[in-house]
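# Topology and contacts: notes
As a plain string of letters, each chain reads:
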Amino acid sequence: MGMMEKSPLAARLQGQIEGDLLFDAFSRGRYATDASIYQMTPLGAVVPRGLQDIETALGAARELGASVLPRGGGTSQCGQTVNTALVLDNTKYFNKIIELDVENRRCVVQPGIVLDELNRALRPHGLWYPVDVSTASRATIGGMAANNSCGGRSLRYGTMRDNVLSIEAILADGTRARFGPVSRGAPFGNDALSALTSDMLALGEREQAEIAARFPNIIRRVGGYNIDALTPDHAQNNMAHLLVGSEGTLGYFTEIELKLSPLQTTKVTGACHFPSFHAAMDAAQHLVPLKPAAVELVDDTMIALARDIPMFRQTISQFVEGEPAALLLVEFAEGSDAANAAKLEELSDKMSELGFAFDRSGKNWGGSVAVTDAKLQNEIGEVRKSGLNIMMSMKSEGKPVSFVEDCAVELPDLAEYTAGLTEIFEKNGTKGTWYAHASVGCLHVRPVLNMKLDQDVKTMRAIAEECFDLVAKYKGSHSGEHGDGIVRSEFHEKMFGPRMVESFGEVKDRFDPTGFFNPGKIVRPPKMDDRTLFRYGPEYAVKPMKTALDWSAWPGAGGGFQGAVEMCNNNGACRKLKGGVMCPSYRVTRNERDVVRGRANSLRLAISGQLGPDAFASDAMAETMKLCVSCKGCKRECPTGVDMAKMKIEVLAARAQKHGLSLHDKLVGYMPKYAPFASKLPWLANARNWLPGVAKLTEGLTGFAAGRDLPRWSSRPFRDDEFQDANPDVVLWADIFNRYFEPENLRAAGRVLQAAGLKVAVARPVDGKGVLDCGRTYLAVGLVEEARASAHRALDALRPHAEAGVPIVGLEPSSLLTLRDEIPVLVPGDAAEAVAAKALMLEEYLAQAGIALPLKPLGRPILLHGHCHQKAHNVMGSVQKVLAQIPGTEVEMVETSCCGMAGAFGYGKDTVETSLKMAELDLLPAVRAAPADAIVVADGTSCRHQIKDGAAREAIHVARVLEMALDGAGTGA
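Residues numbered from 1 in each chain as written. Predicted model: local features only at pLDDT ≥ 70, side-chain atom pairs only at ≥ 80, totals over all residues. Heavy atoms only, no water.

Across its full length, the chain holds 45 helices and 29 strands. Over its C-alpha atoms the chain spans a radius of gyration of 30 Å, differing by no more than 12% from the 30 Å that the globule rule assigns to 973 residues. Seen through its principal axes, the chain has C-alpha atoms that stretch 90 × 75 × 55 Å. Among the 973 residues that make up the chain, the fraction classed as buried is 62%. Only carbon and sulfur atoms are counted for the fraction: they give 52% of the accessible area of the chain, which is about 36,000 Å². Seen as two clouds, the 107 positive and the 117 negative side-chain charges of the chain have centres 5 Å apart. (Helix = DSSP H or I, 4+ residues; strand = E, 2+ residues; numbered from the N terminus. Rg over C-alpha atoms; globule rule 2.2 N^0.38 Å. Buried < 20%, exposed > 50% of the residue type's maximum accessible area, 1.4 Å probe, protein only. Areas by Shrake-Rupley, 256 points an atom, 1.4 Å probe, with all protein chains shown as cover. Lys, Arg positive; Asp, Glu negative; His and termini not counted. Charge placed at Lys NZ, Arg CZ, Asp CG, Glu CD.)

Take a look at the structure:
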């Protein structure tokens, strides 16, 4: 995996590790950042297959005097998971459930297991692990334990510390030990672990008074080491609780035993409305005694942002009354509908008691809106989560920065504390948006700062100092959720006092006397504003660069390309393994290289000169981009809107310019040029598929996998004159894939539109020569100028129709949606905007125009798979709406990521294996499980081919399904 760089550690580990060894510059760069503002390049990374690899790697590091950083999802916001150390990434292989004891509600797991994956495995047993962090789709149990994570329902379930029973860890000297409950005065035997345990219990006893005086008395305290777990006044002392929250500084976790909870079945939410932010903060202390599972804050900024977004507007309208300054979303999960209803009644009474009613005005306006519908509750949850994402997606140089984000205070102090914090921000010339866990006095707020400016770094320091003073005044916690890392470790003395900081040092030195594990975190830290540790340090600069597409929506070099790349803040949402589309290649390989974040980091480091000269067009960059299938899942699902498909075009263009094209690239890219000729001799063009041995013989030359049949050229391709009404109501966009390979789809679409009483014409080139094309195949190989020329021809033909208000309707998502997505950045201007506004998928047009087709029952169920670009552009709802018009037909939408074919990707000899693995994640199993008489529907040409190749089932386009269902016009499947 990448070239080994000359490193004594790499040389020592070469041939000794079963897992992956990553010591090249690109890999080290990918592990240099987490979701914080920091960047520290590691010595290298090991992705261990199991315990043997871990012990080998630790032994080598110990021998050579290197430090070690254990790492999970790498989403820490305080810099816990960056260091100039050897990184061990547990997420790819070291992620199994070792034991599940349903009866006693406990399980033992390896640290690399992701929370969502664990909960998926527990669900059939009626159990879950309730520390429900918002990053559940990528947070690992090891990382959560190291951080002492909390989650939205910590009011009911507590933190990680309350839900971890024991931990097995490897200590700095190589000893393997299990840490769990211990009894004072009981014999520990005479091994090293007993001596360590005795020393820690003695420390707890010695410092009991200081702990009582200095430790904040709140749930949300995750700063320092949990030495309060070892004081004699604890009913039970548990050594594992000292390791929880230790940020990988005390030992390497190998097994974690967890306490499980019964699954929540029924839930309800009361949306409490307040006339002012202060009133909401003041009310929290009065609502928490009602024993809700969670109380989450949404402020008016978040409500306004959500109202501006079409997909959230309807949700907001269903539970928000009037114009509240803040909402508290109070969730109850009492186990029965009757008990939940009683709780909502109590909540309503409490709001009245506090003086709020919807029929009052001014400071007494407000009240509670009951939300009992499960679907709406889930949608509200999505709005809350997306609120942060919207805030983080500012395109300006300044971004909301996490450093005082999760301080926590006791509930009676919450209103005063937040008012004080707002004053500090205003004094320093910035402001923050509020959200999060009002139930436990822990509110997330991020001041907007530009970390490239020295002045803003100074402002950050000033805000941090003042905020932590304010927190100390209220005896709160400066670290209520996200831990210490680099951001907060240096402020422990301010929070806990010098004696406690000395005790933390004692813990570290007793466990790890040489500073072997993750040095500089919790004890003996660097300054939080040491710019040499920043992702955007004092030397950071991107030289001017020429880009192929329009990136002017963002700031920075390359006409804004720099700003677009820097939108990646490493939040890791692209690492999810189920749900949505993003990121299909990561779901197959589990490599940091093959995830949107890994690619974005590689691009940022390359354009800023940190990976050497010409890194942007290098082979290592090509390798980084190789498995990106341009599904555009990230465009829609990345919280900050990183569009890797578009960025890949820039890399391909730079490579094409520098290295030229292979024969494979030419065959893919220039298809629009040779298609008209190939279609005249289809038997010859198809010979590779039917002549024995030809596919194998040509594999090396053409780069097409011998085991795949290529799409079959039609002997009767679609012609522009097949539908040519004057003054059309609708213009049909005939893409080259359907035109030359499956012309029956275009014919079916034309007939369906005519059956709706519409006049149909096919879009034709202005000069009458050749056929129109969107340029998609050219973009796929980096031929941007050829794509631009195609775009100009398309716009010349389509603009008059668009300006006359005539819809442009297409069938192939990757082609039609190019008119909406890529063409406006290839040829920016009025023509592109006009055409993009009128370009619609067939089903979108039928749904938006409210056309009721004369359809008859098919008597067969439908299994529907969405093309990635349809999902990215949110058009699958229209497909379902149109298919629902067929009387008595059951439509099942498969929850799938990318089908894996992705244009030419699935045909490449180097990528065919990954392609099939992508299909096997969700799509092919669902198709095989479908009833034999089910109609499998897929709009994407490549999706239909993947289904045929992988499941031996014929999938058809929606246009043909509608044609089959037309009254008296069904032509059969």
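A word on the sheet that holds strand β20 (residues 442-445). Pairing in this open sheet of 6 strands is antiparallel, and the strands run β17-β14-β16-β15-β19-β20 from one edge to the other. The open sheet has two edge strands, β17 (367-371) and β20, and neither has a second partner. Recorded for the sheet is a direction-independent mean angle of 20 degrees between the axes of neighbouring strands. Note: strand β14 (residues 268-274) against β17, 5 bridges, orientation antiparallel. When the sheet's bridge partners are listed, G270 is paired in β17 with A370. Strands β14, β16 (326-332) and β17 of the sheet are contacted by helix α14 (residues 337-353), whose axis makes an angle of about 10 degrees with β14. Here helix α16 (residues 414-427) sits on the sheet and contacts β19 (434-437) and β20; the angle it forms with β20, its principal contact strand, is near 20 degrees. (Pairing = 2+ DSSP bridges. Axes fitted to C-alpha atoms, helices over the stretch in contact; angles between N-to-C directions. Contact = heavy atoms within 4.5 Å.)

Time to look at the environment of C407. Structurally, C407 is set in the loop between β18 (399-400) and α16. In this structure C407 comes out as buried when scored by relative accessible area, which is 0%. Put simply, C407 and C442 are 35 residues apart on the chain and 5.9 Å apart in space, counted from C-alpha to C-alpha. Once residues lying within four places of it in the same chain are set aside, the contact partners of C407 are Y417, G441, C442, L443, F468, V471, S477 and H478.

The tendency in soluble globular proteins is for nonpolar side chains to be buried side by side. Grouped together as the largest cluster of nonpolar side chains are 111 residues, with contacts concentrated most on Y129, I141, L328 and F511. The dominant element in this core, judged by the number of residues it contributes, is helix α17 (residues 454-473), at 8 residues. When neighbours within four sequence positions are excluded, Y129 is seen to be in contact with L115, L118, N119, L122, I141, M144, M160, N163, V164, L258, K259 and L260. With 93 residues, the next largest nonpolar core counts C638, V668, V894 and A955 among its residues. (Core = buried A, V, L, I, M, F, W, Y, C linked by side-chain atoms within 4.5 Å.)

The sheet built from 5 strands is open, its strands ordered β5-β6-β12-β8-β9 with antiparallel pairing. Lying at the two open borders of the sheet, with one neighbouring strand each, are β5 (97-101) and β9 (176-179). The sheet shows a mean angle of 10 degrees between the axes of neighbouring strands, direction not considered. Docked against the sheet, helix α4 (residues 115-122) engages β5, β6 (106-109) and β12 (252-259), running at close to 40 degrees with respect to β5.

This part covers helix α23 (residues 596-607). Look at α23: 17 Å from first C-alpha to last across 12 residues, which is about the 16 Å you get at 1.5 Å a residue. Among the 12 residues of α23, 12 are classified as buried, and the element is accordingly described as predominantly covered. All buried positions along α23 are accounted for by V596, R597, G598, R599, A600, N601, S602, L603, R604, L605, A606 and I607. Once α23 ends, the next one or two residues include G609, with phi positive near 75 degrees. (Expected span 1.5 Å × (residues − 1).)

With that settled, the discussion passes to the packing of aromatic side chains. Enumeration according to the criterion identifies 20 aromatic pairs in this entry. Between F274 and F356, the ring centres sit 5.2 Å apart and the planes meet at 85 degrees, which makes this aromatic pair edge-to-face. Residue F274 is found in strand β14, and its partner F356 is found in the loop between α14 and β17; the two are separated by 82 residues along the sequence. Note on F356: relative accessible area 9%, which makes it buried. Aromatic pair Y670 and Y778: ring centres 5.9 Å apart, planes at 75 degrees, arrangement edge-to-face. With Y670 in the loop between α27 (663-669) and α28 (671-678) and Y778 in helix α34 (residues 776-780), this pair connects stretches of sequence that are 108 residues apart. On the accessibility criterion, Y778 (2% relative accessible area) is buried. The structure contains a cluster of three or more aromatic residues connected by ring pairs, namely F215, Y225, F496 and F504. Taking NZ or CZ as reference, R49 lies 4.1 Å from the ring centre of Y93, over its face. Above the plane of the ring of Y536 lies K452, whose end atom (NZ or CZ) is 4.8 Å from the centre. (Phe/Tyr/Trp six-rings, centres within 6.5 Å; stacked < 30°, edge-to-face > 60°. Lys NZ or Arg CZ within 6 Å of the ring centre and 35° of its normal.)

Attention now goes to the pairing of strand β26 (residues 862-865). The side-chain alternation of β26 yields two buried faces, one formed by I862 and L864 and the other by L863 and H865. By the bridge criterion, 3 bridges tie β26 to strand β27 (residues 891-893) in an arrangement that is parallel. Paired with L864 across the bridge in β27 is M893. Relative to strand β28 (residues 935-938), β26 is paired through 4 bridges, and the arrangement is parallel. If you follow H865 over to β28, its bridge partner there is A938.

With that settled, consider the side chain of S602. Here S602 lies in helix α23. On the basis of relative accessibility, which here comes to 1%, the residue S602 falls in the buried class. Here the side chain of S602 touches R30 through a polar contact of 2.8 Å, side chain to side chain. Apart from residues lying up to four places away in sequence, S602 is in contact with F26, R30, L611, M621 and T624. (Polar contact = N/O pair within 3.5 Å; in protein donor to acceptor, adjacent residues only side chain to side chain.)

As a further point, take the pairing of strand β4 (residues 86-89). Within a regular strand, side chains alternate between the sheet's two faces. Taking every second residue as pointing to the same face, both faces of β4 are buried, with L86 and L88 on one and V87 and D89 on the other. Here 3 bridges tie strand β2 (residues 44-47) to β4, and the two strands are oriented parallel to one another. Among the inter-strand pairings, V46 is bridged to a residue of β4, identified as L88. Pairing of strand β3 (residues 68-71) with β4, which is carried by 4 bridges, proceeds in the parallel orientation. Residue pairing for β4: R71 is matched across the bridge by D89.

Before going further, it helps to examine the pattern of salt bridges. One pass over the structure, following the stated rule, counts 68 salt bridges. Of the charged contacts in the structure, one is a salt bridge between E205 and R184, with a shortest N-O distance of 3.3 Å. Of this pair, E205 sits in helix α8 (residues 192-206) while R184 sits in the loop between β10 (181-182) and α8, and the two are 21 residues apart along the sequence. Put simply, R461, E465, D469, E490, K494, K527 and D529 are held in one network by salt bridges that share partners. (Salt bridge = Lys/Arg side-chain N within 4 Å of Asp/Glu carboxyl O.)

With that settled, the discussion passes to unusual backbone geometry. Of note, the bond from M582 into C583 is cis; its omega dihedral lies within 30 degrees of zero at -10 degrees. Structurally, C583 is set in the loop between α21 (561-565) and α22 (584-589). With a phi angle near 55 degrees, E247 is a residue other than glycine that sits in the positive phi range. You can see E247 is positioned in the loop between α10 (240-243) and β12. Located in the positive-phi region is R524, a residue other than glycine, with phi close to 50 degrees. Mapping R524 onto the fold places it in the loop between α20 (498-511) and α21. A relative accessible area of 55% means that R524 is categorised as exposed.

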